[in-house]
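# Chains, contacts and geometry: an overview
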Amino acid sequence: HLLARLDNLSHVLAWADASGNPGVRAIELPRLQLSFTRSGQRLHCNQHRGFWLMERDCSAAIQGLVSQWGGGTVLLENTAGEILVLVSA
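Scope of this entry: the structure provided in the associated data block. (Residues numbered from 1 in each chain as written. Predicted model: local features only at pLDDT ≥ 70, side-chain atom pairs only at ≥ 80, totals over all residues. Heavy atoms only, no water.)

## Some points on the nonpolar core
In this structure, Leu 3, Leu 29, Leu 34, Phe 36, Leu 53 and Leu 76 are the most contacted members of the largest nonpolar core, which totals 15 residues. Elements that contribute at least two residues to this core include exactly β2 (24-29), β3 (34-39), β4 (42-45) and β6 (73-77). Leaving out residues up to four positions away in the same chain, Leu 34 has contacts with Leu 6, Ile 27, Glu 28, Leu 29, Cys 45, Gln 47 and Leu 86. (Core = buried A, V, L, I, M, F, W, Y, C linked by side-chain atoms within 4.5 Å. Buried < 20%, exposed > 50% of the residue type's maximum accessible area, 1.4 Å probe, protein only. Helix = DSSP H or I, 4+ residues; strand = E, 2+ residues; numbered from the N terminus. Contact = heavy atoms within 4.5 Å.)

## Let's talk about the state of the cysteines
Taken as a whole, this structure holds 0 disulfides when the rule is applied. Here Cys 45 stays free of any disulfide, with the sulfur of Cys 58 as its closest cysteine sulfur at 18 Å. Since its relative accessible area comes to 18%, Cys 58 is described here as buried. (Disulfide = S-S within 2.5 Å.)

## So, the side chain of Asp 7
The topology assignment puts Asp 7 in the segment before β1 (13-16). By relative accessible area, which is 7% here, Asp 7 ends up buried. Residues within four places of Asp 7 in sequence aside, it is in contact with Val 12, Leu 29, Arg 31 and Leu 32.

## Let's talk about the pattern of salt bridges
Under the definition given, this model contains 2 salt bridges. Ionic pairing is found between Arg 31 and Asp 7, a salt bridge with its closest N-O pair at 2.5 Å. Note that Arg 31 is positioned in the loop between β2 and β3 and Asp 7 in the segment before β1, a separation of 24 residues in sequence. For the salt bridge of Arg 56 with Glu 77, the shortest nitrogen-to-oxygen distance reads 3.0 Å. Taken together, the residues Arg 56 in the loop between β5 (52-53) and α1 (60-67) and Glu 77 in strand β6 connect sequence positions 21 residues apart. You can call Glu 77 buried: its relative accessible area is 10%. (Salt bridge = Lys/Arg side-chain N within 4 Å of Asp/Glu carboxyl O.)

## Some words on the side chain of Thr 73
Residue placement: Thr 73 occurs in strand β6. Setting aside residues up to four positions removed in sequence, Thr 73 forms contacts with Arg 5, Leu 6, Val 66, Val 85, Leu 86 and Val 87.

## Description of the environment of Ile 27
Tracing the sequence through the fold places Ile 27 in strand β2. When the C-alpha positions of Ile 27 and Leu 6 are compared, they lie 13 Å apart, and in sequence the two are 21 residues distant.

## Section: unusual backbone geometry
Positioned with a positive phi, Gln 33 is a non-glycine residue whose angle comes to about 55°. Within the element layout of this structure, Gln 33 appears in the loop between β2 and β3.

## Considerations on the environment of Leu 65
Among the secondary structure elements, Leu 65 is positioned in helix α1. Residues Leu 65 and Val 85, 20 residues apart in the sequence, show an inter-C-alpha distance of 9.3 Å.

And the structure:
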């Protein structure tokens, strides 16, 4: 999973919908003070309004930039095509 790049999964909290809907409703990474809420098929970042976890392939230029930080990164994107890089400390 993408979030395993940022923190050990033993420190990731996943919340299900109490109404019995399948899938994850929200995800928290308490040590990084990050959280995501599902809206449709996307996990939106609560700390960066309008951005969600990018799960599609990105350009070679962005891949080159991200590779500088090793595996501890995930990308966020928004409707304008802007991309944020989250890097785990």
